[in-house]
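Understanding the architecture of this molecule
Each chain, letter by letter, is given below.
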Amino acid sequence: MKALNEYNDKELYLMLTEDRRVAEKAFAELYSRHSSRIYAFCRKFIGSKEEAQDIFQETFIRFHQSADKKKDMSNVPAYLLTIARNLCLNHARREKPSVPFEEHMYEDRDDTNEKNELLSILNTAIDLLPEEFKEVFILREYDGLSYAEIAEITGEKLATVKIRIHRAKQRIKEIVSPYLEDGTKIEN
Amino acid sequence: MKNINEHTTSELLTMMLDGELRGVHEAELFADLANSSELQSQMEHQLAVKEAVKSDVEAFTPPLEATNAIFSQLGYTLPPGVPYLASVWDKIFNRKVAVTAVLLIMGTFAVASYSYFSSNDHNDSTLNSQKNVLAIADESNYPSVPTTYDPVASNLPNNNIKSIPISSSRSSETFIKENSNQEILHQENNDIVADLSDKRVEKYNNVFANSINTSNYYSNLMTFNQVEYLNNSQFEILRSRINYKSYNGNEINKLRFANSIYFRGALNSNATAFDGGLNNIVIGYFRNWKENFSFGVEFGKEEITRLFTDDFSNQLISADKNVIWGAITLKYEAKSINFAGVSPFAQARLGFGSDFNLMMGFNTGAIWNISTLPVSLSASYEFNNFQYTHISQSYNFNKSGFNFGLHYNF
């Protein structure tokens with residue numbers, strides 16, 4: 001019998017429909033493979049750690065519930081990201097007001113881990129991006145997806161994705177540039 | 001900037017840095033890059049952002065609570081090797097607290113050991129060392145001891161009759177109390193200590209059994225202490241070398257020892273497997289302390305799964321790592337619970353080692369003390385928690401499983 005790490009995502013997904021012992025091991029393997037990038041997407045898209053955590057949990061629960069032998073699961077991470085994206089978009093449309101940049105800098109961002117000032121500014125810049133730019137930027141930079149994969153997940157044309165990624169990076173550059181160019185530290 | 005087909009050079013640069021640019025566009029972009037400081041600046045910014053993203057460890061690390069919540073909602077157990085953030089408890093139990101705790105535990109050990117070995121007997125031993133300690137006094141000098149008490153024959157005023165304290169020293173008291181109910185089946189050797197202890201019991205019984213007045217008691221005690229003297233440490237050794245059939249009424253039928261060295265191991269799996277195996281080997285030493293407690297040190301080697309930054313890709317990765325650790329440990333063996341030589345035990349440890357900051361763990365299981373050999377076999381469930389930091393972030397890793405031990409007692 002093969003070790004779990006020798007199974008591909010598709011095989012592991014099918015194992016989720018088998019008996020509990022097998023399903024548990026298969027789920028744990030899939031979780032260990034993809035949880036980081038799914039959490040990164042939720043965390044960056046939502047901003048709030050607690051809310052991102054809830055959506056991250058919900059993503060994996062729904063993923064597990066979706067297990068179906070008849071489903072042609074060719075790309076598990078894309079499927080997970082699609083679930084996460086839909087949940088994030090629903091959440092954002094329900095809850096999030098837009099916040100001006102100046103106020104944003106003084107928000108309690110719950111980023112206790114941030115030692116890197118550039119990272120802190122980058123996070124602010126990401127939060128300020130419109131949703132359609134934010135999601136493609138996160139999928140590209142945090143999840144490492146190709147333009148074609150991003151187009152598949154977002155349901156947009158490849159050309160649209162290219163333009164959105166470029167514009168997202170341009171907007172981020174506008175915010176990050178002052179810090180990078182003169183090395184001036186922005187006081188929090 | 002000029003256009004190359006439908007894209008600006010700025011867009012091409014973004015695509016190039018994302019690995020999406022191919023063929024002729026690439027060559028033309030490089031040519032523009034060589035001549036445009038604005039493009040160069042844009043490239044530097046984009047690379048800096050990519051580096052910042054790579055350093056965003058927190059974003060790639062699902063919190064422990066989330067991982068736990070998912071697996072518990074699905075009714076699954078949390079698998080080993082899943083990276084997670086340290087819990088609130090872990091944050092509270094930070095390194096400073098851990099160091100303080102270690103110092104407190106070590107201090108407690110030191111104080112307990114000092115007070116134990118510095119009891120009355122020990123002090124008396126120093127005094128008695130001037131009186132030929134462990135030498136047998138001339139019995140002709142002993143005062144005669146009545147075999148039965150007769151207040152009239154003793155010719156003492158009634159108000160001088162007092163109840164007899166068992167002994168002036170704690171270990172004598174303990175020793176006599178315990179041994180008075182014991183049937184000594186076997187003495188392992190002719191060690192003078194054991195030999196004297198036997199005489200001591202006999203002599204004590206003779207001297208004190210019916211001494212009921214204080215003057216006799218204290219004179220006899222003095223005689224007794226001249227006969228032989230054993231301090232606490234010697235008592236422990238002595239008691240460890242006697243094979244008791246019974247102990248305070250409980251059948252134990254086993255050898256009791258003061259020291260034990262042991263080897264323990266579980267080699268059935270690696271750390272990332274899902275069968276809960278420990279894959280560790282441990283050697284250790286125990287010193288018996290009090291009746292059921294032992295303290296000691298142990299050293300182990302095992303595999304843990306932890307986070308690293310991959311040198312090549314600069315990405316955060318989870319990988320298995322062999323670690324070596326040393327720990328102080330305390331064991332409780334319920335010797336009074338005994339079934340065919342098998343007793344339950346529990347053991348706790350606190351350790352430090354390579355590639356992690358702190359280890360806390362415990363074992364619980366059963367130990368079979370083979371009555372005819374100075375050897376014991378143990379089987380136990382073991383749980384160890386390893387705490388470590390990576391890029392200023394605290395993490396922990398839990399391992400659990402079953403292992404088996406071989407103990408040599410002496």
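I will try to describe carefully the structure that is included in this document.

The secondary structure content of chain B amounts to 12 helices and 13 strands. Taken over 410 residues, chain B has a buried fraction of 46%. On chain B, roughly 20,100 Å² of surface is accessible, and the fraction owed to carbon and sulfur atoms is 58%.

With 81 residues, the main nonpolar core has Phe27, Leu122 and Tyr142 of chain A as its most contacted residues. When residues of this core are assigned to their parent elements, the largest contribution, 14 residues, is made by helix H2 (residues 20-46) of chain A. In contact with phenylalanine 27 of chain A, other than residues within four places in its own chain, are Leu16, Phe60, Phe63 and His64 of chain A together with Ile70, Phe71, Leu74 and Tyr76 of chain B. Listed in part, the 13 residues of the second largest apolar core include Val57, Trp325, Ala327 and Phe356 of chain B.

Next up on the list: the packing of aromatic side chains. All names here are of chain A. Scanning the model with the defined rule gives 22 aromatic pairs over all chains in all. Considering the side-chain rings of tyrosine 39 and phenylalanine 56, the 5.3 Å spacing of their centres and the 80 degrees angle between planes classify their relative orientation as edge-to-face. Of the two residues, tyrosine 39 sits in helix H2 while phenylalanine 56 sits in helix H3 (residues 49-65), which places them 17 residues apart along the sequence. Look at tyrosine 39 and you get buried, because its relative accessible area is 0%. Between phenylalanine 56 and phenylalanine 60, the aromatic rings sit 5.3 Å apart at their centres with planes inclined by 70 degrees, giving edge-to-face as the arrangement.

Attention now moves to the interface of chain A and chain B. Each partner contributes residues to the interface: chain A has 45 residues there, and chain B has 42 residues. Across the chain A to chain B interface the summed buried area is about 4,000 Å²; carbon plus sulfur atoms make up 63%. Viewed at the interface, chain B and chain A are joined by five salt bridges. Lysine 169 of chain A is the partner of aspartate 18 of chain B in a salt bridge, and the nearest nitrogen-oxygen pair spans 2.7 Å. Inspection of the region where chain A meets chain B yields 17 residue pairs in polar contact (both at pLDDT 80 or more). Elements with a contribution of two residues or more to the side of chain A that touches chain B: H2, H3, helix H6 (117-128), helix H7 (131-141) and helix H9 (158-182) of chain A. It is H2 of chain A that contributes the most residues to the side of chain A that touches chain B, 14 residues altogether. Its residues assigned to classes, the side of chain A that touches chain B comprises 19 nonpolar, 12 polar and 14 charged.

Parameters and conventions
- Residues numbered from 1 in each chain as written.
- Chains lettered and ligands numbered in written order.
- Predicted model: local features only at pLDDT ≥ 70, side-chain atom pairs only at ≥ 80, totals over all residues.
- Heavy atoms only, no water.
- Helix = DSSP H or I, 4+ residues; strand = E, 2+ residues; numbered from the N terminus.
- Buried < 20%, exposed > 50% of the residue type's maximum accessible area, 1.4 Å probe, protein only.
- Areas by Shrake-Rupley, 256 points an atom, 1.4 Å probe, with all protein chains shown as cover.
- Core = buried A, V, L, I, M, F, W, Y, C linked by side-chain atoms within 4.5 Å.
- Contact = heavy atoms within 4.5 Å.
- Phe/Tyr/Trp six-rings, centres within 6.5 Å; stacked < 30°, edge-to-face > 60°.
- Buried area = accessible area lost by both parts, 1.4 Å probe.
- Salt bridge = Lys/Arg side-chain N within 4 Å of Asp/Glu carboxyl O.
- Polar contact = N/O pair within 3.5 Å; in protein donor to acceptor, adjacent residues only side chain to side chain.
- Nonpolar A, V, L, I, M, F, W, Y, C, P; charged D, E, K, R; others polar.

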